[in-house]
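Breakdown of the fold
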Amino acid sequence: MREDINKVLENVGKVIIGKKDVLEKLLAGLLADGHVLLEDVPGTGKTKLAKALSASLGVDFGRIQFTPDMLPADITGMHIYSRETEQFEWKEGPVFTNILLADEINRATPRTQAGLLECMEERQVTVDGETRKLAEPFFVIATQNPVETAGTFPLPEAQTDRFMMKLSMGLPDREGEIRILETYREKDPLLELNAVMTCEELIAVKRQAEKTYVHPLINGYLADIVLATRKQEKVVMGVSPRGTLALMRCCKALACMEGRDYVTPDDVKKLAPAVLAHRLVFSFGRSRQEEAVKLMEEILKSVPVPVEDFSRR
């Protein structure tokens, strides 16, 4: 299983250069049955990352470019009257796919944002009293631009909390920039990317990740971290139980990716900032992600780390 995961990481790495840590966390979010919010400046490879991941997994890919005039029906689908049959026929929206790129989600109105988030949470679409299940897996990668915020609709805290992780691609260093130039010198490697895992194999890995063992001491460690976020002076709303569960599921997925059937404190330390930081609400208003991540790192240093044979059941 670890070999299969490494094949996916290596395959996506042919297109996305020097971002293995982001790739691992993104794949952990997929295996944990969550969704990921990517926030970064334009041109850092957010869209290409989503396309490369879907191409490597051999699953369906859909993209929505959000605009202020978009309606929920443009995402979910609608009944359209047919003159030939003289009946209303169902037309699926782009949400009926496996990996959905919600590009610049903060440019859509709150009503449209809520329509997508309902699909993310319920894994189904209900239109005109009819409910339709979404495909498995269903994974949303939403992007937003932290600059050029004029005319945008920032996601409220309650909606941001629906994303399992919030990640940033980050800009490459000098060596990374040179590797990108060499990789894309003649053509786009995305055009030649082949699938290294089938949809059925991906679902099997997800099922295996769900069985990963979590030691009672690890549960206590997770609880201590979350309780610490609720006791910070500058935080008015710490992490909710939804965040605790999200962190546990992500840790189980990461352990499975690394070939273990049990979670360790290192898994928790690696994923906690990405899973919990965006759920913190500061007393001085909307916080920057960097400040929240820094606070999470301080909390991780202050919370005692359990020592035990975590594979023992």
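Here is a short report on the structure shown in this document. (Residues numbered from 1 in each chain as written. Predicted model: local features only at pLDDT ≥ 70, side-chain atom pairs only at ≥ 80, totals over all residues. Heavy atoms only, no water.)

**Topic: the overall build of the protein chain**
Across its full length, the protein chain carries 12 helices and 11 strands. Expected size for 313 residues packed as a compact globule is a radius of gyration near 20 Å; at 20 Å, the protein chain falls within 12% of this value. Along the three orthogonal principal directions, the C-alpha set of the protein chain runs to about 70 × 45 × 45 Å. Looking at the protein chain as a whole, 49% of its 313 residues qualify as buried. A sequence separation of at least 24 residues applies to 78% of the contacts in the protein chain between residues at least 6 apart. Taking the 42 positively charged and 48 negatively charged side chains of the protein chain as two groups, their mean positions are separated by 3 Å. (Helix = DSSP H or I, 4+ residues; strand = E, 2+ residues; numbered from the N terminus. Rg over C-alpha atoms; globule rule 2.2 N^0.38 Å. Buried < 20%, exposed > 50% of the residue type's maximum accessible area, 1.4 Å probe, protein only. Contact = heavy atoms within 4.5 Å. Lys, Arg positive; Asp, Glu negative; His and termini not counted. Charge placed at Lys NZ, Arg CZ, Asp CG, Glu CD.)

**Some remarks on the nonpolar core**
Burial of nonpolar side chains together is a common tendency in soluble globular proteins. With 72 residues, the main nonpolar core has L49, L53, L57, I141, I225, L247 and V268 as its most contacted residues. Of the residues forming this core, the biggest block, nine residues, is contributed by helix α10 (residues 241-257). Leaving out residues up to four positions away in the same chain, L247 has contacts with L222, V268, L271, A272, V275 and L276. The next biggest cluster of nonpolar side chains, apart from the first, holds 23 residues, and it includes M70, A108, V125 and A142. (Core = buried A, V, L, I, M, F, W, Y, C linked by side-chain atoms within 4.5 Å.)

**A look at the packing of aromatic side chains**
Taken as a whole and judged by the stated rule, the model has two aromatic pairs. Ring plane angle 65 degrees and centroid distance 5.3 Å describe the contact between Y81 and F88, whose orientation is recorded as edge-to-face. Centroid distance W90 to F96: 6.3 Å. Interplanar angle 80 degrees. Geometry classified as edge-to-face. Given the relative accessible area of 22%, W90 is considered partly exposed. Assessed through its relative accessible area of 19%, F96 is described here as buried. We note R132 situated over the ring of W90; from NZ or CZ to the ring centre the distance is 3.9 Å. Sitting over the ring of Y262, R260 keeps its end group 5.8 Å from the ring centre. (Phe/Tyr/Trp six-rings, centres within 6.5 Å; stacked < 30°, edge-to-face > 60°. Lys NZ or Arg CZ within 6 Å of the ring centre and 35° of its normal.)

**Regarding the state of the cysteines**
Within the structure shown, the criterion is met by zero disulfides. Counting only cysteine sulfurs, C251 is the nearest neighbor of C250, a cysteine outside any disulfide, at a range of 7.0 Å. Its relative accessible area of 0% is what places C250 among the buried residues. You can see C256 has no disulfide; the closest cysteine sulfur is in C250, sitting 13 Å from it. (Disulfide = S-S within 2.5 Å.)

**Let's talk about unusual backbone geometry**
Of note, the bond from E136 into P137 is cis; its omega dihedral lies within 30 degrees of zero at 0 degrees. With respect to the helices and strands, P137 occurs in the loop between β7 (130-133) and β8 (139-144). A positive phi angle is found at D33, which is not glycine, with a value near 65 degrees. Summarising the element assignment, D33 is placed in the loop between α2 (20-31) and β1 (36-39). D33 sits in the partly exposed class, given a relative accessible area of 35%. A positive phi angle, close to 60 degrees, is found at R123, a residue other than glycine. In this fold, R123 is placed in the loop between α5 (110-122) and β6 (124-127).

**Re helix α1 (residues 2-13)**
For an α-helix, 3.6 residues make a turn, and residues three or four places apart therefore share a direction. For α1, which comprises 12 residues, the first-to-last C-alpha distance of 16 Å matches the rise-based estimate of 16 Å (1.5 Å per residue) to within 8%. In this structure, the buried side of α1 is in contact with α2, α3 (46-57), α8 (199-210) and α10. (Expected span 1.5 Å × (residues − 1).)

**A closer look at the packing of α1 against α3**
Think of two packed helices as two axes; the pair is described by the angle between the axes and how far apart they sit. Where α1 meets α3, the axes come as close as 9 Å, and the angle between the chain directions of the two elements is 135 degrees. With respect to α3, the axis of α1 lies oblique. Here α1 runs over α3; the crossing is right-handed. On the side of α1, the interface is formed by V8, N11 and V12, while α3 contributes L49, A52, L53, S56 and L57. Across the contact of α1 with α3, the residue classes break down as six nonpolar, two polar and no charged. (Axes fitted to C-alpha atoms, helices over the stretch in contact; angles between N-to-C directions. Parallel < 35°, antiparallel > 145°, perpendicular 65-115°, else oblique. Left-handed = near helix turned anticlockwise from the far one by under 90°. Nonpolar A, V, L, I, M, F, W, Y, C, P; charged D, E, K, R; others polar.)

**Some points on the pattern of salt bridges**
The tally for this structure, following the rule as stated, stands at 17 salt bridges. Its salt-bridge partner being D21, residue K25 comes within 3.2 Å of it at the nearest N-O pair. Of this pair, K25 and D21 both sit in helix α2, four residues apart, which is roughly one turn of the helix. D188 is the partner of K48 in a salt bridge, and the nearest nitrogen-oxygen pair spans 2.8 Å. Highlighted residues: K48 in helix α3 and D188 in the loop between α7 (174-183) and α8, separated in sequence by 140 residues. Take K48: its relative accessible area is 24%, and that puts it in the partly exposed class. D188 sits in the partly exposed class, given a relative accessible area of 21%. By sharing partners, the salt bridges in this structure join D33, R123 and K206 into a single network. (Salt bridge = Lys/Arg side-chain N within 4 Å of Asp/Glu carboxyl O.)

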